[in-house]
Amino acid sequence: MKDPKIILAIESSCDETSAAIVQNTPEGVKILSNIVASSADLQAKYGGVVPEQAARAQLESVIPVIKEALKEAQISQEQIDAIAVTQGPGLIGSLLIGVETAKVLSLVWQKPLVPVNHLLGHFYANWINTGRSEDQKIRRSERSEVPEFPCLGLLVSGGHTDLVLFENHGKYKYLGGTRDDAAGEAFDKTARLLGLPYPGGPIISKLAQTGNPKAFQLPRPMIDSKDFDFSFSGLKTAVYNLVQKIRIPEDQNIRNPILRFSDIPISPKLSDLCASIEEAIVDVIVKKTVAAAQKYNIEQIIVAGGVAANQRLSEKLTKSAKIGVARAQIFIPPPKLCTDNAAYIGAAAFFNYRSEDPLKIQANPNLSLDNHTLQP
Ligand code: KG4
Ligand code: ZN
């Protein structure tokens, strides 16, 4: 089948189990349903994702989530043209649940199965037409409804920080990425050092709103390097050292839950610290992204991944791209499409359609963007 109109998509790469029904229409990809079950609350208790627990939660949720997606979209199995599933990268136990479920459904329902790279999938949240006026405001300029090629892709998620040059659908060049922690990981790990719960990004970002981003001088690793690589582990170390200095002496255990900042004699504000951390992470991402757009003379930048939901990143990137790259247009999906969900996996499948023998598809925890540099 060449042009599927309705796809059932399944995403299970980490601690979210998601199923979506998406439709390819002349107005773009539309979401008929997009159900997300998260075990993040469970993971929060342990300060991060415990792979074994995440996989068990996937197993419990996968069938109910698929049923709910079909019900909400009011679509029967006969109306589905193809099934799309996240093949990797991710946690192997989590990935296996989605991939094996999709394989069984593909074989039993006799539907083509499309494996999707999760990282590539994130970018396709930018091709989804949500049709809601408030979401349209996210489009920083009205020049184009959906991204056009060539465009620069910035992926900032919990596990990845990558810059990719897209020449077309499925045709892209990897420019660089993080050498250690990902941007989301930098938020999560520094939040943990502050005694804040997982995931750290949303809470740091919330507290940062009332803080002074210049209150603490934190490093911006590799900000001036000529390549498009990133490094965030030095920032984590700097925050660790800072927290040791301002911590009350008897409270030395960094794994201790909530730090009571009001008890700290020097009394630095938690919001100031959060604002300084957020600013350091955002500054590096923005500078590298704008530099890449300038180097390749790119007019459109598409942002993807959980950290794309960060308001400060959106503000600074929009501002800088206007100054640095006169005509750059920034695309950022609405927050609920930035974090892991199956709708973008379905959208990616429409534009990169290639069904494979279900029995030959294997979950691949190490799938990357750089080993798919050029696809036909
Ligand atoms: O893309 P995602 O849902 O999962 C991966 O594929 O990794 O990204 C999750 C990451 C977490 O690290 C989380 O802290 C971060 O996205 N995140 C944010 C925000 N919302 C989620 N980081 C900064 N600001 C936010 N508003
Ligand atoms: Zn993701």
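As shown above, the structure is provided for reference.
As the structure is a prediction and not an experimental result, all values here were calculated from the model.

Before going further, it helps to examine the site of ligand 1. Among the 21 residues in the neighbourhood of ligand 1, the closest are listed as Gly-158, Asp-188, Gly-201, Gly-306 and Asn-310. At 3.3 Å, a backbone N or O of Gly-159 approaches an oxygen atom of ligand 1. For ligand 1, an oxygen atom lies 3.1 Å from a polar atom in the backbone of Asp-340. Contact with the protein chains removes 88% of the 550 Å² of surface that ligand 1 exposes when unbound. Of all the elements in the fold, those that place two or more residues in the shell around ligand 1 are helix 4 (118–123), helix 6 (183–193) and helix 7 (200–208). Per element, the largest residue contribution to the shell around ligand 1 is four residues, and it comes from helix 7. Broken down by class, the residue content of the shell around ligand 1 amounts to six nonpolar, 13 polar and two charged. Both domains that furnish three or more residues to the shell around ligand 1 are identified here as domain 1 (6–130 + 336–360) and domain 2 (153–332).

A few words on the coordination of the zinc ion (ligand 2). Binding of the zinc ion (ligand 2) to the protein goes through His-118 (NE2), His-122 (NE2) and Asp-340 (OD), at separations of 2.0 to 2.1 Å. If you look at the zinc ion (ligand 2), its four donor atoms make angles of 97 to 133 degrees with each other, and the shape they trace is tetrahedral. Here the donor residues of the zinc ion (ligand 2) share one chain and are spaced in sequence as H-x3-H-x217-D. Here His-118 is found in helix 4, whereas its partner Asp-340 is found in the loop between helix 11 (335–338) and helix 12 (343–351), with 222 residues between them in sequence. Overall, Asp-340 belongs to the buried group, its relative accessible area being 15%.

Reading across from one edge, 8-7-6-9-10 is the order of the five strands in this open sheet, with mixed pairing throughout. Each edge of the open sheet carries a strand with a single partner, namely strand 8 (171–177) and strand 10 (329–331). Neighbour-to-neighbour, the strand axes of this sheet turn through a mean angle of 20 degrees, independent of strand direction. Where strand 9 (residues 300–304) lies against strand 10, three bridges are found, and the strand directions are parallel. Note on strand 10: the bridge partner recorded for Ile-301 is Ile-330. Contacting strand 6 (151–156), strand 7 (161–168), strand 8 and strand 9, helix 9 (residues 270–295) runs over the sheet at an angle of about 160 degrees to strand 6.

Turning next to the pairing of strand 7. Along a regular strand, successive side chains alternate from one face of the sheet to the other. Within strand 7, six of the eight residues are buried, which leaves the element mostly enclosed by the surrounding structure. Sheet topology places strand 6 next to strand 7; six bridges connect them, and they run antiparallel. Looking at strand 7, one finds that Leu-155 is bridged to Asp-162. Between strand 6 and strand 7, which pair antiparallel in sequence order, lie four residues. Where strand 7 and strand 8 come together, six bridges link them in antiparallel fashion. Across the sheet, residue Leu-163 finds its bridge partner in strand 8, namely Gly-176. Counting the residues between successive antiparallel strands, the hairpin from strand 7 to strand 8 contains two residues, one of them, Gly-170, with a positive phi of roughly 75 degrees.

The next point concerns unusual backbone geometry. Omega for the peptide link from Gly-88 to Pro-89 comes to -5 degrees, which places this bond in the cis form. Residue placement: Pro-89 occurs in the loop between strand 4 (82–88) and helix 3 (92–109). The step from Tyr-198 to Pro-199 runs through a cis peptide bond, and the omega angle for that step is -10 degrees. Mapped onto the elements, Pro-199 comes out in the loop between helix 6 and helix 7. Residue Met-222 is not a glycine yet carries a positive backbone phi of 60 degrees. Mapped onto the fold, Met-222 is located in the loop between helix 7 and helix 8 (233–246). Positioned with a positive phi, Asn-297 is a non-glycine residue whose angle comes to about 55 degrees. In this fold, Asn-297 is placed in the loop between helix 9 and strand 9.

So, on to the sheet that holds strand 4. Strand order in the open sheet formed by five strands is 3-2-1-4-5, with mixed pairing between adjacent strands. Two strands lie at the open edges of the sheet, namely strand 3 (28–38) and strand 5 (113–117), each paired on one side alone. Neighbour-to-neighbour, the strand axes of this sheet turn through a mean angle of 20 degrees, independent of strand direction. As paired strands, strand 4 and strand 5 are joined by five bridges and run parallel to one another. Looking at the pairing, Val-85 lines up with Pro-115 of strand 5. Most of the contacts of helix 12 go to strand 1 (residues 6–11), to which it runs at about 130 degrees, and overall it touches strand 1, strand 2 (16–25), strand 3, strand 4 and strand 5.

The rules behind these values
- Residues numbered from 1 in each chain as written.
- Chains lettered and ligands numbered in written order.
- Predicted model: local features only at pLDDT ≥ 70, side-chain atom pairs only at ≥ 80, totals over all residues.
- Heavy atoms only, no water.
- Near = heavy atom within 4 Å.
- Polar contact = N/O pair within 3.5 Å; in protein donor to acceptor, adjacent residues only side chain to side chain.
- Areas by Shrake-Rupley, 256 points an atom, 1.4 Å probe, with all protein chains shown as cover.
- Helix = DSSP H or I, 4+ residues; strand = E, 2+ residues; numbered from the N terminus.
- Nonpolar A, V, L, I, M, F, W, Y, C, P; charged D, E, K, R; others polar.
- Domains from an automatic or database assignment.
- Donors = N, O, S within 2.8 Å, 3.2 Å for Na, K, Ca; no water.
- Tetrahedral: all angles 85-135°; square planar, octahedral: opposite > 155°, others 65-115°.
- Buried < 20%, exposed > 50% of the residue type's maximum accessible area, 1.4 Å probe, protein only.
- Pairing = 2+ DSSP bridges.
- Axes fitted to C-alpha atoms, helices over the stretch in contact; angles between N-to-C directions.
- Contact = heavy atoms within 4.5 Å.

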